[in-house]
Amino acid sequence: MFIQTEDTPNPATLKFLPGRDVVGKDGKMLEFARGEDVSRAPLAEMLFMIPDVERVFFGTDYVSVTRVDDAQWKHLKPAVLGAIMDFYVAGGKPLLEQIQDSEAEDRVYEGETLEIVEQIKELIELRVRPAVAQDGGDIVFRHFDDDDGSVYLEMRGACAGCPSSTMTLKSGIENLLKHYVPEVTRVEQAI
């Protein structure tokens, strides 16, 4: 088995491509942090056995791994490659069953606001997420504030904590959304 690696714009995150589906084309991309319950994600369990792994993000066909700040990839990368290879060679499936993600929001939109939110979500899904996935991350819509036109997005995977994430939000996504959806006044990172 050959696993490719790719650098991401976030120097603390590497993207690992095992040449197999990780969550599949229709699966939800999921992220886990050290200390969270990963009992339904056996590959995450294996990766967190490596001391310097801080976060694990499962994309459609890749795994993004974020290291702690003081770790170095030259020492950590072989251990991560070994864990992923051992997992797949043993016939493992990264997720025991599709895990419910926290993407569901409590807000209910109606009328014109609902149309605006659907347009925002469609732009993010078709234009933003595929580009960000190439860098080993994901961006998820959280909510739209129709009082002031703010859109709140969550950055995950390689995007979370990336030095260029603010530029991605402000120069890229904000300009795109403002162009196509005039009601959008700004884009902020959801906390």
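Residues numbered from 1 in each chain as written. Predicted model: local features only at pLDDT ≥ 70, side-chain atom pairs only at ≥ 80, totals over all residues. Heavy atoms only, no water.

### Remarks on a nonpolar patch on the surface
As a reminder, the rule being used: Patch membership is restricted to residues that have no salt bridge and whose relative accessible area is over 30%. Joining uses 9 Å for like charges and 5 Å for the nonpolar side chains Val, Leu, Ile, Met, Phe, Trp and Tyr. A 1.4 Å probe and the Shrake-Rupley method give the accessible areas. Residues count as covered only by the protein chains that appear here. By definition, a salt bridge exists where a carboxyl oxygen of Asp or Glu is found within 4 Å of a side-chain nitrogen of Lys or Arg. In DSSP terms, a helix is any run of H or I states spanning at least four residues, a strand is any run of E spanning at least two, and both are numbered starting from the N terminus.
Residues M1, M85 and V89 make up a contiguous nonpolar surface patch of roughly 250 Å² in combined accessible area. Here M1 shows up in the segment before β1 (4-7).

### Quick notes on the pattern of salt bridges
Taken as a whole, this structure holds 8 salt bridges when the rule is applied. In the salt-bridge network here, residues are joined through shared partners; they are E125, R129 and D138.

### Focus: the environment of A160
Defined as follows: Contact between two residues is taken to exist if any of their heavy atoms lie within 4.5 Å; hydrogens are not considered.
As for its placement among the helices and strands, A160 is situated in the loop between β7 (150-157) and α4 (165-180). Each C-alpha atom, one on A160 and one on Q189, is 9.9 Å from the other, the two residues being 29 residues apart in sequence. Each residue touching A160, except ones within four places of it in the same chain, is listed here: N10, E31 and M155.

### Digging into the sheet that holds β1
Going by this rule: Between any two strands, pairing holds if DSSP finds at least two bridges. In this analysis, axes come from line fits to C-alpha atoms, helices being fitted only over the stretch in contact, and the angle between any two N-to-C directions falls in the range 0 to 180 degrees.
Strand order in the open sheet formed by 5 strands is β1-β2-β5-β4-β3, and the pairing between neighbours is antiparallel. Looking along the sheet, the strands with just one partner apiece sit at the ends: β1 and β3 (30-33). Neighbour-to-neighbour, the strand axes of this sheet turn through a mean angle of 20 degrees, independent of strand direction. Bridging between strand β4 (residues 53-58) and strand β5 (residues 63-67) involves 5 bridges; their strand directions are antiparallel. By the bridge assignment, V53 is partnered in β5 with R67. Against the sheet, helix α2 (residues 73-89) engages β1, β2 (13-17), β4 and β5, with an angle of about 30 degrees to β2.

### Notes on the nonpolar core
We apply this condition: Nonpolar cores were defined as sets of buried Ala, Val, Leu, Ile, Met, Phe, Trp, Tyr and Cys residues, with membership established by side-chain atoms within 4.5 Å. Three labels apply to residues, based on accessible area from a 1.4 Å probe with only protein chains included: buried if under 20% of the type maximum, exposed if over 50%, partly exposed otherwise in between.
Grouped together as the largest cluster of nonpolar side chains are 27 residues, with contacts concentrated most on L47, F58 and V80. Elements with a contribution of two residues or more to this core: β2, β3, α1 (42-48), β4, β5 and α2. For this core, the leading source of residues is α2, giving 7 residues. Leaving out residues up to four positions away in the same chain, F58 has contacts with V22, V23, M29, L30, F32, A41, L43, A44, V63, P94 and L95. With 22 residues, the next largest nonpolar core counts L123, I139, L169 and I173 among its residues.

### Re the sheet that holds strand β6 (residues 137-145)
The strand order β6-β7-β8 describes an open sheet built from 3 strands, whose pairing is mixed. Of all the strands in the sheet, the pair left with one neighbour each is β6 and β8 (186-189). Strand after strand, the sheet turns through a mean of 30 degrees between neighbouring axes, direction not considered. Of the strand pairs in this sheet, β7 and β8 are connected by 4 bridges, and their pairing is parallel. Residue L153 lies in a different strand from β8, and its bridge partner there is Q189. Helix-sheet contacts for helix α3 (residues 111-134) involve β6 and β7, and the interaxial angle to β6 is about 165 degrees.

### Some details on α2
Quick note on the threshold: What a helix should span is 1.5 Å times the count of its residues minus one. The directions considered for the arc run from the helix axis to the C-beta atoms.
Taking 1.5 Å of rise per residue, 17 residues should cover 24 Å, and α2 covers 23 Å from first to last C-alpha, within 8% of that figure. Taken residue by residue, α2 has W73, L76, V80, A83, I84, F87 and Y88 as its buried positions. On an axial view of α2, the arc spanned by its buried residues comes to 120 degrees, and they lie on one face. Opposite the buried face of α2, at more than 90 degrees from it, the exposed residues are K74, H75, D86 and V89. Buried positions along α2 lie against β2, α1, β4 and β5. Looking one or two residues beyond α2, the residue adopting positive phi is G91, at roughly 85 degrees.

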